[in-house]
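Here are the chains, one letter per residue:
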Amino acid sequence: FILGETCSALLLFISIMTMFMSGVVAIFEYDLKKIIALSTLSQLGMMMFSISLGLYELAFFHLLTHALFKALLFLCAGILIHGAGNTQDIRSFGGLSLNLPLVTVCMNLANLSLCGVPFLAGFYSKDLIVELACQYSWGIFVLLMMFICLSLTVLYSVRLTYLSFVGPYGGGTSISVCESDYSLVGPVVILSFTSLVSGPILSWLNFPAPVLIFLPVFLKWGALFFVGVSLLVMLSLQGLTYSYKWGAVSKFSGLMWFLPWLTGQGFSMKTLKNA
């Protein structure tokens, strides 16, 4: 490794903990923009995880594919916020698929690509990182944490889709005229097309030679198994609508594991009070 064995192990630990923390926090978050920001943090952790294994080209490949479907996700979120009366709380959405069908399709396409559903843009980079990571001898703990982090991505993506488009109406306003504004919908449709075709195109450009990876059956199907189980778990929890059932866990996660207090906020508040 270019980074050295010690630096690679440290980066591996930090990247896995970043993916895990951002995934857990996103599950209990209700701010739409925060959920997408935490999703970005999780994918940055995936890129650093790839770099810690020495897979620099795959990290760059995932950066390119992630940029396309995450840009689509942010644009769709902006349309949702505009159409829902400038509110970011996903609990006030609900049933938006009836009023914003095109945005619903495009945003779900971005979410599926984020989860690594086969043959979408995110699948070609994430699945390759996961399969190559399974060949490294870092131990069962690293592999298990990697699959858990993949499951968390599916959990908060399904939760976001359920509370925004499928779940009961939350009481907020909804403006269906947003989809008649081509300046809003046009870029979304274009990015939706790139989320479909950018995966194989970028894969052919970055890796002209085909990649063949031999793994045991349980590792080969491990990612899809965790994705399917996560989907069923979140649907059974009904999108974690009622946060009071989770009490301290929800509060602890909503405060980002107290990291803002431990890093910057506590020191800033003390110094500002003294000033």
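Computed from a prediction, not measured in an experiment: that's the story for all the values here. (Residues numbered from 1 in each chain as written. Predicted model: local features only at pLDDT ≥ 70, side-chain atom pairs only at ≥ 80, totals over all residues. Heavy atoms only, no water.)

*Asks:* Run through the overall build of the chain, naming residues and quoting values.
*Replies:* Within the chain, the secondary structure is distributed over 11 helices and zero strands. Total accessible area on the chain stands at roughly 13,800 Å², and carbon and sulfur atoms take up 74% of it. (Helix = DSSP H or I, 4+ residues; strand = E, 2+ residues; numbered from the N terminus. Areas by Shrake-Rupley, 256 points an atom, 1.4 Å probe, with all protein chains shown as cover.)

*Asks:* Outline the side chain of T161, listing residues and values.
*Replies:* Tracing the backbone through its elements, the reader meets T161 in helix 6 (residues 140–166). Judged by relative accessible area, T161 falls into the buried class, the value being 17%. A distance of 3.2 Å separates a polar atom in the side chain of T161 from a polar atom in the side chain of N108. Within the structure, T161 has its side chain in polar contact with the side chain of N111 (distance 3.4 Å). Dropping the residues within four chain positions of it, T161 is found in contact with N108, N111 and V166. (Buried < 20%, exposed > 50% of the residue type's maximum accessible area, 1.4 Å probe, protein only. Polar contact = N/O pair within 3.5 Å; in protein donor to acceptor, adjacent residues only side chain to side chain. Contact = heavy atoms within 4.5 Å.)

*Asks:* Outline the UniProt feature "transmembrane region" (unreviewed entry) in the chain, listing residues and values.
*Replies:* Under the UniProt annotation, "transmembrane region" (unreviewed entry) lies at residues 7–28, 34–56, 63–82, 102–124, 136–158, 184–205 and 217–237. Helix makes up 100% of residues 63–82 and strand makes up 0%, while its end C-alpha atoms are separated by 28 Å. (UniProt positions renumbered as here; feature names shortened; annotations may be inferred.)

*Asks:* Account for the packing of aromatic side chains, with residues named and values stated.
*Replies:* Here the structure, examined in full by the defined rule, presents five aromatic pairs. Taking the centre distance of 5.6 Å and the plane angle of 75° together, the rings of F61 and F207 count as edge-to-face. Taken together, the positions of F61 in helix 3 (residues 56–83) and F207 in the loop between helix 7 (182–206) and helix 8 (217–220) put the pair 146 residues apart, joining distant regions of the chain. Using a relative accessible area of 0% as the deciding quantity, one classes F61 as buried. Since its relative accessible area comes to 15%, F207 is described here as buried. Cluster of aromatic residues (ring-pair linked, three or more members): F119, F123 and Y124. (Phe/Tyr/Trp six-rings, centres within 6.5 Å; stacked < 30°, edge-to-face > 60°.)

*Asks:* Give me the lowdown on the packing of helix 2 (residues 32–52) against helix 3, citing residues and values where you can.
*Replies:* It is the contact of helix 2 with helix 3, at a shortest axis distance of 10 Å, that shows an interaxial angle of 175°. With respect to their mutual orientation, helix 2 and helix 3 come out roughly antiparallel. Contact residues: helix 2 offers L32, K33, I36, S39, T40, Q43, M46, M47, S50 and I51, while helix 3 offers Y56, L58, A59, H62, L63, H66, K70, L73, F74, A77, L80 and I81. The residue inventory of the contact of helix 2 with helix 3, partitioned by class, reads 14 nonpolar, six polar and two charged. (Axes fitted to C-alpha atoms, helices over the stretch in contact; angles between N-to-C directions. Parallel < 35°, antiparallel > 145°, perpendicular 65-115°, else oblique. Nonpolar A, V, L, I, M, F, W, Y, C, P; charged D, E, K, R; others polar.)

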